[in-house]
Amino acid sequence: MAGLDLVPRMARYLDKHLIFPLLEHVQQQGIYAEEDILKAQFDLLQKTKLIDSAIEKYKAIHKTEDVPEALKNQRQDVVLQLKALKADCKQLLTVIEDPSLSKIKVEGESREKSAQAYREALVSLKEKHNIIPEHVEALYKYAKLYFECGNYGMVEGSDKMGAAEFLPIYRMLTADPNSENAFSALWGKLASEILLGKWEEAADDLRTLREAIDTKHWSNPLQQLEQRTWLVHWSLFVYFKPEASKLSNSRSEVIDLFFSPPYLQTIQTNCSHILRYLAAAVITNPRRRNALKDLVRIIQQEHHTYRDPITEFVECLLVNYDFDSAQEKLRQCEKLLASDYFLQGLSEEFIQNARLFIFETYCRIHQCIDISMLADKLNMGQEEAELWIVNLIRNARLDAKIDSEKHHVIMGSTKPSVYQQVCTKTKSLCFRSYVLAGNFTKQRSKYDREDDM
Amino acid sequence: MSRFFAKPGDSSSEEETESEEETSEEESSEDEKPQQQLKKSSSFTKDAPVRKGPRKVVSQKDKRYDEMRQTVKALQNAMKINDWNAIASDFQKLNQQISKASNLISESGVPKFYISIIAKLAQVVEETTKDKDKVKKMSKTNAKSLNAMKQNIKKNNAQYENEIAKFLENPVEDEGEDEDEEEDESSESESESESESESESEDEKPKKKKDDDDEEEDDDDDEDEWSSSSSDDSSSSDDAGRSGATGISKWMKTGDGSDSSDDDGFEKVKKKKEPKVRETKARKEDEDKPKDSGKKEEQMVLTEENVKKKLEETLAVRGKKGTSKKDQIAQLEVLATANISPMMTAQVLVHLISSQFDLITAQFLHHQAQQRDRAGLGLLPISFEIENQNGSKVSSRDQCLWTKTMRNIRRLLEVLSENPELNEENTGQSAATVSRAQVPDDMFEDDEPLQVASNLVSFVERLDDDLYLSLRLLDNHAPEFLKRLLDIAPFLQLAEDVQTYYLKMGKKDVAARLAMRRLEHLYYKHDSLVAKAGTIVQQHGDRVENRAAFIEEMAMLVYQYGDDTIRTKAMLCQIYYHALHDRFYQARDMMLMSHLQDNIHQSYTIPTQILFNRTMAQLGLSAFRCGLIMDAHNCFDELCCNNRLKELLAQGISSQRYNDRNETQERAERKRQTPYHMHINLELIECCHLVGAFLLEIPKMVAMAYDSKRKWTSRALKRVFDNSDRNPLSGPPETTRDVIMAGARALEKGDWRQCEAHILALPVWSQIGSEESVVKVTEMLRRKIKEEALRTFLFAYSAFYDALSLEQLCDMFELERQVVNTLVSKMIISEELFASWDQPTGSIVMHKKERSRLHHIGLQYSDLLGKLVESNEKVMSDGMRSFVVGISVTAATSSSSRTRLAAAGSEGLEGNVEEETEGLG
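Below: a short report on this structure. (Residues numbered from 1 in each chain as written. Chains lettered and ligands numbered in written order. Predicted model: local features only at pLDDT ≥ 70, side-chain atom pairs only at ≥ 80, totals over all residues. Heavy atoms only, no water.)

This next bit is on the interface of chain A and chain B. Listed by partner, the interface residues are 43 residues for chain A and 44 residues for chain B. Between chain A and chain B, roughly 4100 Å² of surface is buried when both sides are summed, and carbon and sulfur atoms account for 60% of that area. For the pair chain A and chain B, the number of links is two salt bridges. The shortest N-O distance in the salt bridge between B:D863 and A:K425 comes to 2.9 Å. Of all the elements in the fold, those that place two or more residues in the side of chain A that touches chain B are α13 (221–240), α15 (261–270), α17 (291–302), α18 (309–320), α20 (347–365), β1 (366–370) and α23 (418–452) of chain A. No other element matches the 15 residues that α23(A) contributes to the side of chain A that touches chain B. (Contact = heavy atoms within 4.5 Å. Buried area = accessible area lost by both parts, 1.4 Å probe. Salt bridge = Lys/Arg side-chain N within 4 Å of Asp/Glu carboxyl O. Helix = DSSP H or I, 4+ residues; strand = E, 2+ residues; numbered from the N terminus.)

Let us look at the packing of helix α39 (residues 752–760) of chain B against helix α40 (residues 771–797) of chain B. Residue and element names in this part refer to chain B. For the pair α39 and α40, interaxial distance at closest approach is 10 Å and the crossing angle is 150°. When the axis of α39 is compared with that of α40, the two are roughly antiparallel. Between α39 and α40 the crossing geometry is right-handed. In this structure, α39 uses W752, C755, E756, I759 and L760 to contact α40, whose residues at the interface are T778, L781, R782, I785, K786 and A789. Class assignment of the residues belonging to the contact of α39 with α40 gives a composition of seven nonpolar, one polar and three charged. (Axes fitted to C-alpha atoms, helices over the stretch in contact; angles between N-to-C directions. Parallel < 35°, antiparallel > 145°, perpendicular 65-115°, else oblique. Left-handed = near helix turned anticlockwise from the far one by under 90°. Nonpolar A, V, L, I, M, F, W, Y, C, P; charged D, E, K, R; others polar.)

What follows concerns the pattern of salt bridges. All names here are of chain A. Scanning the model with the defined rule gives 34 salt bridges over all chains in all. Linking D340 and R276 is a salt bridge whose minimum nitrogen-to-oxygen distance equals 2.6 Å. One end of the pair, D340, is in the loop between α19 (323–339) and α20; the other, R276, is in helix α16 (residues 275–283), and 64 residues separate them in sequence. Neither D340 nor R276 differs from the other in exposure class; each is buried. Across the pair R307 and E312 runs a salt bridge, and its minimum N-O distance is 3.6 Å. Classification of R307 as partly exposed rests on a relative accessible area of 43%. Assessed through its relative accessible area of 16%, E312 is described here as buried. (Buried < 20%, exposed > 50% of the residue type's maximum accessible area, 1.4 Å probe, protein only.)

All names here are of chain B. Here helix α9 (residues 140–159) is 20 residues long and its end C-alpha atoms lie 30 Å apart, about the 28 Å a rise of 1.5 Å per residue gives. Among all positions in α9, only N142, A143, S145, L146, M149, I153, N156 and N157 are buried. Looking down the long axis of α9, one finds its buried residues gathered within 145° of arc, a one-sided arrangement. Facing away from the buried side of α9 by more than 90 degrees, the exposed set consists of K140, K144, Q151, K154 and K155. (Expected span 1.5 Å × (residues − 1). Arc of directions from axis to C-beta.)

See below:
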């Protein structure tokens, strides 16, 4: 099982703080030795400023109550730093805490409008209070330190501001919105939101960040690739962690994101293990069946660099039409899904969809199927299977009849006539040409206008 | 060339040619002079000290005098043959030279040889005019010239009346010469061979000439005069030494050596190298006459001062036509052994190495010239043969020169690395800036620095080039070829050491160049081969274990520090290496990342393109070995489609129908040939390509039997098919192509047994790699053939069945249930086969539906329409706005060919995978 665990592969592309939930998860799964995980956590904590947690871990590892001096000193240092930075941006903090601002936030009706108003008020206050760029930069550092200390942002029921609040303010006030710091602020905000579990905000941040990465000018394409790789990994939190009810929408989004050419490239060059999540997203999203073809292609292309039960399942089913091994793989998938941090919640949905998937494919090439065999294949009892098929037929998703005497499912004729085929093939042509023509005229008129000018 | 050995008194026509040569090679004879004088003065041993004179003679004077002597000689020749035209022009020239040198003459008086020649000329003129018969026989112009000459000489000689009178009274020199001649005569053969061994080929000519002169012309009197103003101390001292007591015996010895050589003068020259060296050394020991000049310095303690001086001297003559390169090398070799400061040693070595290279080049050029002459006969194959023969001569003889050069480079490296303070600044010096005639004393001080360090690398590269060249030229069955192959190992080691040196010096870019050179010698060898060889002999400059990492390391160095061209090359080498070891995906990904496929034909040189082609071929082979027929086909397709495989891989000149190349092109092509040991088996490539192609093609062919406009996957295969269709009768297959064709025909009928029997019987499969991979490939082929046969069978005959049982199919094709299941399912899904499984009975039920031709066309038409719209959308979204106007949206009726083109463009391995790699840049 350890071989299938992706934490070591993914950790490279995650923020230190984002690794903790993953580590905690593997700790529960018991894939690795307890001590190793504790040690990894401790090492990780030492690199952050979460000194209190580090001290706890230290105690857990060494099973003592004594805390080394070094850690204590570190704690002292962090506190001092925090104080110093707070002093630096005190002036700005007073502005931020200005009641007029919070009022805007509360009163604002639509989010966009309020954001706009907020920004205007902030800028005017900034001028009023004579805030200089140094203050703004200090705010960035302050926010960063806040984040490193685990003070990610406002938690429900408390008024204390955290990194998630400071960073957007920094971005609004900073002189150069394209600077490195402003860019880092975006990442910081996203990380904070993720850690706070505010998925909607996080999704917004993700979109902003994606845009920023795409539009920013990179001197080295490698850097851009790196950034995209990070984004791909971070997005897993945003798209797979929210509760199941909100998932379906985000899963569509993740398919869109991963299949967009630049990100597809990123996945193929840098992190083919993401294919697991992409495959899972596609399978659990019956509305995106058309993405399957692409998925199969990519999995085949990458099958020499990455394979796990999920991609193998897709391969067995859609490349080899080997239903027995697909079944076998599905069983493995079940275990895998349960142990994967991001896919935990999807497990059941995945299995259901995969089953349906097998069945559909099976039906496409068969005209007569034995129900008992099918039940076996679908991992169900015979009665259950019959019921399931009946349901499918009733929902008109399947053109079939059941021969209850022989326990057979008899498929309706799947072969459309030639005329029908021609019709289906040409059906969309009209519309597509129309769109094309529309686009063309639109563009031509644009050019004409340019010419006129 | 045999005229070098002509006895005196040979026909005069020969002399004529010689004299022509003399005059035409004015420049060279200038340098030949010392040799002559060397010869001459041997009879004047006792006088030698007198003539020793000041060591440094004003060189301008020498130059002038040399020129004059030159002309004088021409005059003498002309006189001998009574060519008065020539005499007149030479005489005029001589006078011009005299007047040019007027200030010299005013200083030192009129040179004696001038006086002697004009005196003689006057005499001859007088005699000739008296001899009426002779005058009558002359041509008109000649007679006219004679008359003019008569006038001229009278006028001219009036100026020098006194001197002439003095000269006529006392023509001592003539007698001296006669003595000399006698001596010469008595030891004719020795002196000849000796002179050869002493000098190089070009020097022989004048010498021989000299002998003839002496014998035939009594009044050839001025020779010793020349030496009085000699500047070349080294040669005069040399001959002085030679004429000592030991002289003759030494001549005998060396003479033997050269006598034993065959008649070909050129070969002789080569052989003489060794004796020469020996002699130099021998002389060093023998002679004890203290002289500050010439080669004498060997016997002295080789102090730094002396070495420096000697080096200057040697350099001064370097590059002149007449200078013996071998001589120089020998001298420099001796110098290099001297116990002097490392800096000096380095300098000496630098010059030594470059002269060695000069020699190699000279010999090579000579060969090329020879070869061109013979190639002029017009018979290409023959000229190629000859080239090979010549090539083998060059390399077998050069062998020692090459290894010597390598040894010297290694020494230079040692000197440099032992003395890290030595770098280009203080070892720098350039020979090129020294003017030919003048050797300024301070040449070491104010020379522009020439970088020894970068010299070192260029030496190594040069060495590599020569090695490669000889490997390319050699006949691959000649034993010499194997010998040269053995040289690769020491070279690799040298390159490695030099590379380490440069890395230590921090010159990473240079190190990268060296790494590239090494890579070029390593990438095409399979690990297992090296390992096997490693059990017998230690592999110098290579690794037996962990070779992949070794190669990778070198390639990384090049990627990091090399320039664009060698980076590309290194990349290709690494891809080749991966492919060779069946790491197809790795190799493919690298190839795609490099984006070379797009621009290889535009932005790279032909050798790089050849390397690219080789890499593609190897990539294809590796795909084939891995059983990836489609990928293999994509790799091979472009290489094989034009029947130009040979040319593309530079493995032989293809004889072709459209022979529109001219000679230069052809020569250039021949220059690019890959050495034999690097060849990829052409037959294997073709065989893999055709087999792969028919495995892909046959099922399609059967499935789309109606479609007359069907596009073939492989044009090469189509050609083979067309050819075989054209044959009215087909006999049993003989060639590989025939066999493949027979296999394809069998497959067409679904007869996999027959097909397998044909294909697997091909002997060429044993070439595909190690035994292991042969077994693997055979297995793969057997499986593929069965699978494709099943598909073909279903396509061809499914219409005649209502249902087929799975069992039956399994039996028919000896395939496992699972495989048949997969194959048939795939066909059903992709709508190639209109059928479905009946699960309870385990059979395929065919959906009968006969399609009319109209149905087919209708379906095709709708497909094409779809593709058209798709491609239009693509064009639109690609932002190629200018094209949007061209391909109008409403052009739904446009010809299907364009649609096909667009569709084809969007397909294929490259199109798909390339996207992935774009991000890497």
